[in-house]
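Architecture at a glance
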Amino acid sequence: MNALTATNRNFRHAARILGLDTKLENSLLIPFREIKVECTIPKDDGTLVSYVGFRIQHDNARGPMKGGIRYHPEVDPDEVNALAQLMTWKTAVADIPYGGAKGGIGCNPMDLTVSELERLTRVFTQKIHDLIGTQRDVPAPDMGTNAQTMAWILDEYSKFHGHSPAVVTGKPIDLGGSLGREAATGLGVVYGTEALLAEYGKSVSDMTFVIQGFGNVGSWAAKNIFDRGGKVIAVSDITGAIKNSNGIDIRALMKHKEGGGTLKDFQGGDAMDPNDLLVHQCDVLIPCALGGVLNKDNAGDVKAKYIIEAANHPTDPEADEILSKKGVVILPDIYANAGGVTVSYFEWVQNIQGFMWDEDQVNRELNKYMTKAFGDIKAMCKTHNCSLRMGAFTLGVNRVARATLLRGWEA
Ligand SMILES: NC(=O)C1=CN([C@@H]2O[C@H](COP(=O)(O)OP(=O)(O)OC[C@H]3O[C@@H](n4cnc5c(N)ncnc54)[C@H](O)[C@@H]3O)[C@@H](O)[C@H]2O)C=CC1
Ligand SMILES: O=C(O)CCC(=O)C(=O)O
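Since the model is a prediction, treat every value here as computed from it, not as a measurement.

1. As for the site of ligand 2
Lining the immediate environment of ligand 2, one finds 14 residues, of which Lys66, Gly68, Lys90, Lys102 and Ser344 sit closest. Note that an oxygen atom of ligand 2 is positioned 2.9 Å from one of the backbone N or O atoms of glycine 68. Note that an oxygen atom of ligand 2 is positioned 2.7 Å from one of the side-chain N or O atoms of lysine 102. Those elements that provide at least two residues to the shell around ligand 2 are strand S3 (65-72), helix H3 (77-94) and helix H11 (339-353). When the residues that make up the shell around ligand 2 are grouped by side-chain class, the tally is three nonpolar, six polar and five charged.

2. Some words on the sheet that holds strand S12 (residues 329-331)
Spatially, seven strands are ordered S9-S8-S7-S6-S10-S11-S12 in an open sheet, and the strand pairing comes out mixed. The open sheet has two edge strands with one neighbour each: strand S9 (270-272) and S12. Between one strand and the next, the sheet's axes are offset by a mean angle of 20 degrees, whatever the strand orientation. Sheet topology places strand S11 (residues 306-308) next to S12; three bridges connect them, and they run parallel. Looking at S12, one finds that isoleucine 308 is bridged to leucine 331. Together, strand S6 (208-212), strand S7 (231-237) and strand S10 (284-287) form the strand contacts of helix H7 (residues 216-227), whose direction differs from that of S6 by roughly 170 degrees.

3. Some words on the environment of phenylalanine 374
As for its placement among the helices and strands, phenylalanine 374 is situated in helix H12 (residues 359-384). In the structure, phenylalanine 374 is positioned 154 residues away from tryptophan 220 in sequence and 20 Å away in space, judged by C-alpha atoms. When sequence neighbours within four positions are dropped, the list of residues in contact with phenylalanine 374 reads Ala195, Leu196, Glu199, Leu331, Tyr335 and Leu388.

4. As for the side chain of threonine 125
Looking at where threonine 125 falls in the secondary structure, it is placed in helix H4 (residues 114-128). Non-local contacts of threonine 125, meaning those with residues more than four positions away in its chain, are made with Ile153, Glu156 and Tyr157.

5. Observations regarding empty space enclosed by the protein
Counting across every chain of the model gives two cavities of 30 Å³ or more. Size it by volume and the largest cavity reaches roughly 60 Å³. Taken together, Ala6, Thr7, Asn10, Leu86, His313, Thr315, Pro317, Asp333, Arg389 and Phe393 make up the lining of the largest cavity. Residue assignment for the lining of the largest cavity shows that the elements contributing at least two residues are helix H1 (3-18) and helix H13 (388-406). With three residues, H1 is the single largest residue contributor to the lining of the largest cavity. Looking at the second largest cavity, its volume works out to about 30 Å³. Surrounding the second largest cavity, Ala3, Thr7, Glu79, Ala82, Leu83, Leu86, Gly291, Asn312 and His313 form its lining. Mapped onto the lining of the second largest cavity, the elements with two or more residues apiece are H1 and H3. Grouping the amino acids of the lining of the second largest cavity by side-chain chemistry returns four nonpolar, four polar and one charged.

6. A few points about the side chain of threonine 342
Checked against the element boundaries, threonine 342 lands in helix H11. Residue threonine 342 is classed as buried on the basis of its relative accessible area of 0%. Within polar-contact distance, the side chain of threonine 342 engages the backbone oxygen of alanine 338 at 2.7 Å. Not counting chain neighbours up to four residues away, the residues in contact with threonine 342 comprise Ala94, Ile96, Leu366 and Tyr369.

7. Description of the environment of isoleucine 286
Relative to the helices and strands, isoleucine 286 resides in strand S10. Take isoleucine 286: its relative accessible area is 0%, and that puts it in the buried class. Separated by 22 residues in the primary sequence, isoleucine 286 and isoleucine 308 place their C-alpha atoms 4.9 Å from one another. Here isoleucine 286 is in contact with Val189, Phe209, Val210, Ile211, Gln212, Ile225, Ile308 and Ala310, once residues within four sequence places are set aside.

8. Section: the state of the cysteines
In this structure the tally under the stated criterion is zero disulfides. Cysteine 386 carries a free sulfur, and the closest cysteine sulfur to it, the one in cysteine 381, is 4.6 Å from it.

9. Things to note about the site of ligand 1
With respect to spatial proximity, 22 residues lie near ligand 1, and among them Arg70, Asp142, Thr185, Ala289 and Asn312 are the closest. Interatomic distance of 2.7 Å between a side-chain N/O atom of aspartate 142 and an oxygen atom of ligand 1. The separation between an oxygen atom of ligand 1 and a polar main-chain atom of isoleucine 238 is 2.9 Å. Out of a free accessible area of 830 Å², ligand 1 has 85% covered by protein chains. Going through the elements one at a time, helix H6 (181-199), H7 and S7 are the ones with two or more residues in the shell around ligand 1. Of the residues that constitute the shell around ligand 1, the class distribution is nine nonpolar, nine polar and four charged. Residues lining the shell around ligand 1 come from more than one domain, with at least three contributed by each of domain 1 (18-162) and domain 2 (184-331).

10. Considering the domain arrangement of the protein chain
Interface size is commonly expressed as the accessible area that is lost once the parts come together. You can read the domains of the protein chain as domain 1 (18-162) and domain 2 (184-331). Relative to domain 2, the C-alpha centre of domain 1 lies at a distance of 27 Å. Taken together, the contact pairs eight residues of domain 1 with five residues of domain 2. Run the count over domain 1 and domain 2 and you get zero salt bridges. At the boundary of domain 1 with domain 2, the tally comes to one residue pair in polar contact (both at pLDDT 80 or more). With three residues, H3 is the single largest residue contributor to the side of domain 1 that touches domain 2. In the side of domain 1 that touches domain 2, the residues fall into four nonpolar, one polar and three charged.

Reading guide: rules and limits
- Counting starts from 1 at the beginning of each chain's written sequence and moves along it residue by residue.
- By the order in which they are written, chains take letters starting at A while ligands take numbers starting at 1.
- Given that the model is predicted, a residue must reach a pLDDT of at least 70 before its local features are reported, and side-chain atom pairs must reach 80 or more before they are shown or counted; all residues, however, enter totals for whole chains, interfaces and linings.
- Processing note: side-chain calculations cover all non-hydrogen atoms of the structure and skip hydrogens and water entirely.
- Residue proximity to a molecule or strand is established when one non-hydrogen atom of the residue lies within 4 Å of it.
- By the criterion applied in these results, polar contacts are pairs of N or O atoms within 3.5 Å in which, for protein atoms, one can donate a hydrogen and the other can accept it, and in which residues neighboring in sequence qualify only through two side-chain atoms.
- Secondary structure elements follow DSSP: runs of H or I of four or more residues count as helices, runs of E of two or more count as strands, with numbering from the N terminus.
- Nonpolar residues are Ala, Val, Leu, Ile, Met, Phe, Trp, Tyr, Cys and Pro. Charged residues are Asp, Glu, Lys and Arg, and all others, Gly as well, are polar.
- In this scheme, strands are said to pair when DSSP sees at least two bridges between them.
- Interaxial angles span 0 to 180 degrees and are taken between N-to-C directions of axes, which are lines fitted to C-alpha atoms, for helices over the stretch in contact.
- Should any heavy atoms of two residues lie within 4.5 Å, those residues are counted as being in contact.
- We place a 1 Å grid over just the protein atoms. Points where a 1.4 Å probe fits but has no way out form a cavity, open points with protein on both sides within 12 Å along at least 5 of 7 lines form a pocket, and any residue with an atom within 4 Å of a point lines it.
- Grid points are joined across faces, edges and corners, and a volume is the space filled by probe spheres set on the points.
- Working definition: with a 1.4 Å probe on protein chains only, accessible area under 20% of the residue-type maximum means buried, over 50% means exposed, and in between means partly exposed.
- Any two cysteine sulfur atoms lying within 2.5 Å of each other are counted as a disulfide.
- All accessible-area figures derive from a Shrake-Rupley calculation using a 1.4 Å probe, and residue coverage is judged against the displayed protein chains alone.
- Each domain's extent is set by a domain assignment, obtained either automatically or from a database.
- When a carboxyl oxygen of Asp or Glu lies within 4 Å of a side-chain nitrogen of Lys or Arg, that pair is called a salt bridge.

See below:
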């Protein structure tokens, strides 16, 4: 199912549970602004190549719009629209003063050199600079982008508007990035997992984990699980998948990758078919890569008891239904991966204050926000007798609806 159809369906379900006015419901679905730009750059060999870039600003009732920028060949406007909408509910679930946005460029970053990526990022920034800003819309990294991408956006934006570190988050520490931001999404995933498992009298060290994706989110989630004594028994990335029933040494795998090695070549596990990863026997499955990977074709074969949605929209509604009927507990994306945007908020606050927090403070505050949001979701689940996904959606949608009405939506 298309990501936008799936996201809209979850939103409408939450709106019905909340008894939202139909006009307000329809209006909350329409993005505030959709930007589509042509980005033409010279390749290193001098030939011109054109890409299409998007920034979809979904809602700003609760504050400046916030969300990552993705570089991936499958970026399309419907997907970016869905991801922007998810950001609106996510920032509300985390209770940070932002709305939601998302951006992307349809390109394969692995096929571009560093200088080509820099030119593409600068052209994209030139095309959108007057529509983003510290109090307007604040981009961050997502799949295929990183701190360096944010540094180029900061530099290009600052040529038009003066030095503006708070225009992006997830930037390098030397340019005003926050300590802890790089690890924050993965660490937040683990804080959320701990909160969920505690409900069942369990802890990370009792569990076996399977992780799809070993980029920013997957590697930091895996490291934090490993450091707590959890057993990561299978991992995949775009190069392949490995398994080890005794547990993969995640610190060694990270070191191997930092040294230029690929996951596929790592000696601490046996190669496995990446198609079998999501249905591998384990306690906890953590998708940390693409959307829509759990669908009606594989959901029935999933063996995990818990799914932690570290990726955005990894489970489509048909799979959701199949998994729920099987009794699988799903921690939804708009909560599970909210650690990234929460520390982005801390970064923005530090930039505005002109003051830097130490990493312990960042992680302590992150834990506080994740714990509080989990309690808020559980309270909604109790009030509305619903799943964790609907608990999170009703929480987020209700906060945005209230802000919208208070600002005078009917005027
Ligand atoms: N970076 C962040 O702070 C946040 C990211 N997310 C979401 O987490 C997910 C991952 O994002 P990042 O880790 O930032 O991206 P990344 O680009 O750092 O890593 C992506 C990983 O997925 C792997 N991958 C790609 N296609 C795959 C496939 N077909 N099978 C298995 N692995 C595959 C890549 O090899 C890489 O290891 C995305 O859904 C993103 O939207 C959510 C919240 C915040
Ligand atoms: O850190 C941010 O501002 C956004 C992260 C993001 O894109 C996401 O949570 O999906």
